[in-house]
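Spelled out, the chains give:
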4 protein chains.
Amino acid sequence: MAMTGVLRPGHAQVRVLDLEESVHFYRDVLGLVETGRDATGRVYFKCWDERDHSSYVIRQADSAGLDFFGWRVLDKATLDRLDADLQAYGIKTERIPAGEMLETGERVRFTLPSGHVMELYAEKTKVGNGIPLVNPAPWSKARDHGIAPIRLDHALLYGPNVAEVQKIFTEVLGFYLVERVLTPDGNGNAAIWLSCGQKVHDVAFAEYPEPGKLHHCSFLMESWDQVLRAGDIMSMNTVPVDIGPTRHGVTRGCTIYAWDPSGNRFETFFGGHLPYPDYETMTWTFDNFGQGLDYPQRKLHETFLTVVS
Amino acid sequence: MAMTGVLRPGHAQVRVLDLEESVHFYRDVLGLVETGRDATGRVYFKCWDERDHSSYVIRQADSAGLDFFGWRVLDKATLDRLDADLQAYGIKTERIPAGEMLETGERVRFTLPSGHVMELYAEKTKVGNGIPLVNPAPWSKARDHGIAPIRLDHALLYGPNVAEVQKIFTEVLGFYLVERVLTPDGNGNAAIWLSCGQKVHDVAFAEYPEPGKLHHCSFLMESWDQVLRAGDIMSMNTVPVDIGPTRHGVTRGCTIYAWDPSGNRFETFFGGHLPYPDYETMTWTFDNFGQGLDYPQRKLHETFLTVVS
Amino acid sequence: MAMTGVLRPGHAQVRVLDLEESVHFYRDVLGLVETGRDATGRVYFKCWDERDHSSYVIRQADSAGLDFFGWRVLDKATLDRLDADLQAYGIKTERIPAGEMLETGERVRFTLPSGHVMELYAEKTKVGNGIPLVNPAPWSKARDHGIAPIRLDHALLYGPNVAEVQKIFTEVLGFYLVERVLTPDGNGNAAIWLSCGQKVHDVAFAEYPEPGKLHHCSFLMESWDQVLRAGDIMSMNTVPVDIGPTRHGVTRGCTIYAWDPSGNRFETFFGGHLPYPDYETMTWTFDNFGQGLDYPQRKLHETFLTVVS
Amino acid sequence: MAMTGVLRPGHAQVRVLDLEESVHFYRDVLGLVETGRDATGRVYFKCWDERDHSSYVIRQADSAGLDFFGWRVLDKATLDRLDADLQAYGIKTERIPAGEMLETGERVRFTLPSGHVMELYAEKTKVGNGIPLVNPAPWSKARDHGIAPIRLDHALLYGPNVAEVQKIFTEVLGFYLVERVLTPDGNGNAAIWLSCGQKVHDVAFAEYPEPGKLHHCSFLMESWDQVLRAGDIMSMNTVPVDIGPTRHGVTRGCTIYAWDPSGNRFETFFGGHLPYPDYETMTWTFDNFGQGLDYPQRKLHETFLTVVS
């Protein structure tokens, strides 16, 4: 949560090639909870421990990729203020009326110079995590179904103009730069990790010629043991794994990257250091980014740089 | 970090009965890093992964307990604004000049209705965590010395007038109520857990007749495995353990409570759920607080209610 | 597995006060797999990763406790040889015909000087662990149902004449003494931990005036994280917990002790050091047995010494 | 430990290209304990929790690889009996006098049809694990120095005539076949995993045209968390990592493969299932051996098949 009132990654809408195959994957393999379907055919999911109605929405399409990524803000006043701030900065915004997504209020939509569509919204129905608010247990049975991450954690997006994107996030939306990878010549950033609060990142961007590409949506696991269990379940279900299990040097987080049936990469992520906005940015030189990506192996996997959806 | 600009628990100053015995304990058993001693005899420590100069300060005295607990705020403007807000709320504040604590700027001090002395400050020298800012390793050798928590996480304080304390934290300082234990009659709160950001708590208070008492300062561990290692090291050093290892129902965190050589309780803590300010408060009924305290054992350990310093 | 051909703890038959309540407990809370019921009303269970038909059998009775504890031996020749060896040692043995227990061959039964009934047998139908023998996955879905230990690991039995029991196990059956607790006067053993192979213990005995008592049957967990999960499930099901989660000093193993609905104690156990028969025995002095029992707390819990079934 | 009296992998003697560089690596990076140097220049190491004088010995040579691998047997009578059994089977044996290796008794040496030199011995001085035998702590400070495995666990050896090797281990030495990978045509075994007791493997062999090659020596870690820590330390010390961290499908064990400075592969290993000699062998088809090697990735890494020393 930023001091501007941006709270957290709220929802991602992702395109899939075969809806029912994808529902099976997200519900029974990744272990998300299906919370609804709307008239346009979209299917809504949440992680078991999330309290809002939905955080991950899929729709059938001819190509995989990300439709938009939405940020939950504190309240309606914050939404209006950030809308005005974006416009004042020179960014065109659009209002999507309440109800266009299930159980979700009005959204402010805008497009980043990287080609990604972002949204802000202040209202989404709280459906709870299946645990009573009085004398709550630490977890529910949903935690044993599939990989069962606890929340949508962040996304890594590939596109052009990352320096401009960084300015919008830091100067308008209240994010700060936690880590970065330098370009090979050291004069710019090849990739940036941005936090709006106390997470090691809420969103990250990498410079890439094609606009609006999705590298991965990331889901948070509770432990390194749970990352291992995630890898087991991936293999049992012949999910194609990209990288991991391993530790990232960047963020210190533990990870497996894999692909959904449509070729959208996702991550099961655990850990990471715990920054605050007054902390100095950490920098990775490009020649050492292999260690930043895969700390034990010190290997810059080719797919990380080239495969997106 | 609250939207008011309160970032985090910054420092605790704690009284000890024998300074050198305590230095040995905090440095070699708990595994803090000693960062300085001042002219008044105080010894300054930090956790290995903290970047500020110090987070835990001890001084020799005739009785154990907490002198004060300080909060790092965003900047000088925030400090002045919060000072004014506190005064406007009716709380008397005092300025402690920069330099009174080593490497620490001016502090705004005030006393809570519970009798605890709080401080706000905007400046403390960054000394780093011993890891370079360029191509950083995930940890340093300091992580292997003693219990080696990664940060001062929170404190639980016992005193009267907890309802008034809650109002100050939520209405002036920007905290929110994450969890609470009801009084036996259900009409009030016996204990409250307050967060200023995305942690399950930054400070907690329990109603107690005697003012200004310390229940425990808590140090964050990286895993349940590290909590076990902490317990091993406690036993190897004949540290008196109070409760644990176990899981709290309240917060879901994993814990060991133990006492320093002077009788100040401390906690080695891991985990907990991950709230945001829009989340509904979770409530524990007093008759079930045993489960809230020690989830597996469902036992309301007598010492938790009665032993403070 | 001992060089004598004693392989492992094979089955425990335990008395319960209410059969269906106990079936619910062992199947859905402890997470054993029910594998059969016989004409006498006994219910048979195995741990999910065990391959033999059953390892834990319950029958309804007026009092809780252990009927007998059985050892799987290598083959029929071993069974006959050990029977002869026991008789040669002066122990009266009895043959229980094949089929008296479901899917179990002939058993050689004898009573220890501690009052416990032991059995040896060479045949029990292999029903497998639910995972194919070709291209096996590392685990099956059964691992997510209840506490889900992977095997019956050992038992601790209370009774008189422990020194004589030790001689039978070491001189006839091929066990060796891994650890022991001295009596307060240091002249004898208050408790002994015996291994027939490479486990830190396969059975343990403590000196106790009343014969034939069960302290606990122990079930093996895969990790310290799984011990925590076991404690969570115990609390969710209001299972009375005795001690833990904690680490034993004796064996180094991690543990929770709790009671089944009839008052039979059981343990969820992880870890322990890895001895061989040529290793020297480790000794705990009685005055330090608190540390041996509960390493972090260094506490000799009263229930450990006095509550048996 | 087999019923024949073969207890465990006792020592490996490995050739290194630069002795002092290797001493640094094995002592400070892998975290073995140096226990001696002999007149021939060999350096002796043990894992911190092992009790025998040494388990891993290096000597300087022009090429990397394994000189021999030794098995601790129960006693002198066992040594003589196994020597006779080997000779009766048609294997030529040789006696190496006591003292040729530091603190080690007489050895029976023989060469396998795969070209590997094996040894049996009954005596090696117990130097202990640095923890007292009375009231022992669960670990010593040595556990925090480097990767710090707890024991030499097993080795995987590449060479011809694996079927003949299997017969020697199972028919003479008392091992049993835990898992195997079929050849592509399914008519034979490409690799075999053999246990002499209750470990998932004590030694493994893979069919390979060149005799006497070392694939890896494996060192046992205490947890999946410790495997992660091992990977961190490898990266901090620019150790070349081959595969992992990951889980093997074969054995279920968790692993990192890496190379010492001379190109000898080693493994940091945790876990694995817990077989007994009566368990049925598990089989991996060659087309699925990728899953057997790297369970999450289902990838048959080329180096696994081709890089040996």
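Residues numbered from 1 in each chain as written. Chains lettered and ligands numbered in written order. Predicted model: local features only at pLDDT ≥ 70, side-chain atom pairs only at ≥ 80, totals over all residues. Heavy atoms only, no water.

In the annotation of an unreviewed UniProt entry, chain A is listed under the name Metapyrocatechase and assigned to Zoogloea oleivorans. Database annotation for chain A, UniProt heading Sequence similarities (unreviewed entry): "Belongs to the extradiol ring-cleavage dioxygenase family." (UniProt positions renumbered as here; feature names shortened; annotations may be inferred.)

The next subject is the packing of aromatic side chains. Geometrically, a pair of aromatic rings is defined through the distance of the ring centres and the angle of the planes. This model, assessed by the stated rule, comprises 62 aromatic pairs over all chains. With a centroid separation of 4.9 Å and 80° between ring planes, the pair formed by C:F25 and C:Y26 is classed as edge-to-face. Ring geometry for C:Y257 against C:F304: centres 6.0 Å apart, planes inclined by 40°, an arrangement best described as tilted. Highlighted residues: C:Y257 in strand β15 (residues 253-259) and C:F304 in helix α6 (residues 302-306), separated in sequence by 47 residues. On the accessibility criterion, C:Y257 (3% relative accessible area) is buried. Positioned above the aromatic ring of A:Y276, the side-chain terminus of B:R8 is 4.7 Å from the ring centre. (Phe/Tyr/Trp six-rings, centres within 6.5 Å; stacked < 30°, edge-to-face > 60°. Helix = DSSP H or I, 4+ residues; strand = E, 2+ residues; numbered from the N terminus. Buried < 20%, exposed > 50% of the residue type's maximum accessible area, 1.4 Å probe, protein only. Lys NZ or Arg CZ within 6 Å of the ring centre and 35° of its normal.)

Another point: the sheet that holds strand β2 (residues 33-37) of chain C. All names here are of chain C. Taken together, 8 strands build an open sheet; the order of strands is β2-β3-β4-β1-β5-β8-β7-β6 and the sheet is mixed. The open sheet is flanked by β2 and β6 (93-96), the only strands paired with a single partner. Here the strands of the sheet are splayed against their neighbours by 25° on average, with no regard to which way each runs. As judged from the 8 bridges shared by strand β1 (residues 6-16) and strand β5 (residues 65-73), these two strands associate in the antiparallel manner. Paired with A12 across the strands is F69, a residue of β5. Lying over the sheet, helix α1 (residues 19-29) contacts β1, β2, β3 (43-46) and β4 (56-60), oriented at roughly 160° with respect to β4. Sheet strands touched by helix α2 (residues 76-89): β1, β5, β6, β7 (107-111) and β8 (117-121). Its angle to β6, the strand with the most contacts, is close to 150°. (Pairing = 2+ DSSP bridges. Axes fitted to C-alpha atoms, helices over the stretch in contact; angles between N-to-C directions. Contact = heavy atoms within 4.5 Å.)

All right, on to helix α1 (residues 19-29) of chain B then. Those residues of α1(B) not exposed but buried are B:L19, B:S22, B:V23, B:F25, B:Y26 and B:V29. N-cap assignment for α1(B): the residue whose side-chain oxygen lies 3.2 Å from the backbone N of B:E20 is B:D18. (Polar contact = N/O pair within 3.5 Å; in protein donor to acceptor, adjacent residues only side chain to side chain.)

Residues and elements named next belong to chain A. Each assigned domain of chain A is listed here: domain 1 (6-129) and domain 2 (151-306). For domain 1 versus domain 2, the distance between C-alpha centres works out to 20 Å. On the side of domain 2, 40 residues touch domain 1, which itself brings 41 residues to the contact. Of the roughly 3100 Å² buried where domain 1 meets domain 2, counting both sides, 76% is carbon and sulfur surface. If you sort the residues of domain 1 by the area they bury against domain 2, Y89, P113 and H116 come out on top, with a joint share of 18%. Applying the counting criterion to the domain 1 and domain 2 interface returns 0 salt bridges. Counting every contact that joins domain 1 to domain 2 gives 9 residue pairs in polar contact (both at pLDDT 80 or more). When contributions to the side of domain 1 that touches domain 2 are tallied by element, the ones reaching two or more residues are β1 (6-16), α1 (19-29), β5 (65-73), α2 (76-89) and β8 (117-121). Sorting elements by how many residues they give to the side of domain 1 that touches domain 2 places β1 first, with 9 residues. (Domains from an automatic or database assignment. Buried area = accessible area lost by both parts, 1.4 Å probe. Salt bridge = Lys/Arg side-chain N within 4 Å of Asp/Glu carboxyl O.)

Facing the 48 residues of chain C at the interface are 48 residues of chain D. At the boundary of chain C with chain D, total buried surface from both sides reaches about 4500 Å², with 57% on carbon and sulfur atoms. On the surface where chain C and chain D come into contact, there are 8 salt bridges. Notably, a salt bridge pairs D:D278 with C:K126, separated by 2.7 Å at the nearest N-O pair.

Here we come to the relation of the copies chain C and chain D. Put simply, the second copy of the chain is the first one after a rotation about an axis and a shift along it. Of the transformation superimposing chain C on chain D, the axial component is 0.0 Å and the angular component is 180°, with the fit at an RMSD of 0.0 Å. Given the turn and translation reported, the copies of this chain are related as if by a two-fold rotation axis. Residue C:M3 of chain C places its C-alpha closer to the rotation axis than any other residue of that unit, at 2.1 Å. (Least-squares fit on C-alpha atoms with pLDDT ≥ 70 in both.)

Further remarks concern the relation of the copies chain A and chain B. By a simple turn and slide, chain A fits onto chain B: the slide is 0.0 Å along the axis, the RMSD is 0.0 Å, and the turn is 180°. Most of the interface of chain A is mirrored in chain B: 100% of its interface residues are interface residues there too.

Take the interface of chain A and chain B next. On the side of chain B, 48 residues touch chain A, which itself brings 48 residues to the contact. Each partner contributes to the roughly 4400 Å² buried at the junction of chain A and chain B, and carbon and sulfur atoms together form 57% of this total. Sorting the residues of chain A by area buried against chain B places A:M1, A:M3 and A:R51 first, and these three jointly supply 17% of that buried surface. Linking chain A with chain B are 8 salt bridges. For the salt bridge of A:D278 with B:R8, the shortest nitrogen-to-oxygen distance reads 2.8 Å.

With that out of the way, let us pick up the side chain of A:R151. Mapping A:R151 onto the fold places it in strand β9 (residues 151-159). By relative accessible area, which is 12% here, A:R151 ends up buried. A distance of 3.1 Å separates polar atoms of two side chains, one belonging to A:R151 and the other to A:D153. Excluding residues that lie within four positions of it along the chain, A:R151 makes contacts with A:C47, A:E50, A:K199, A:S218, A:F219, A:L220, B:L274 and B:Y276.

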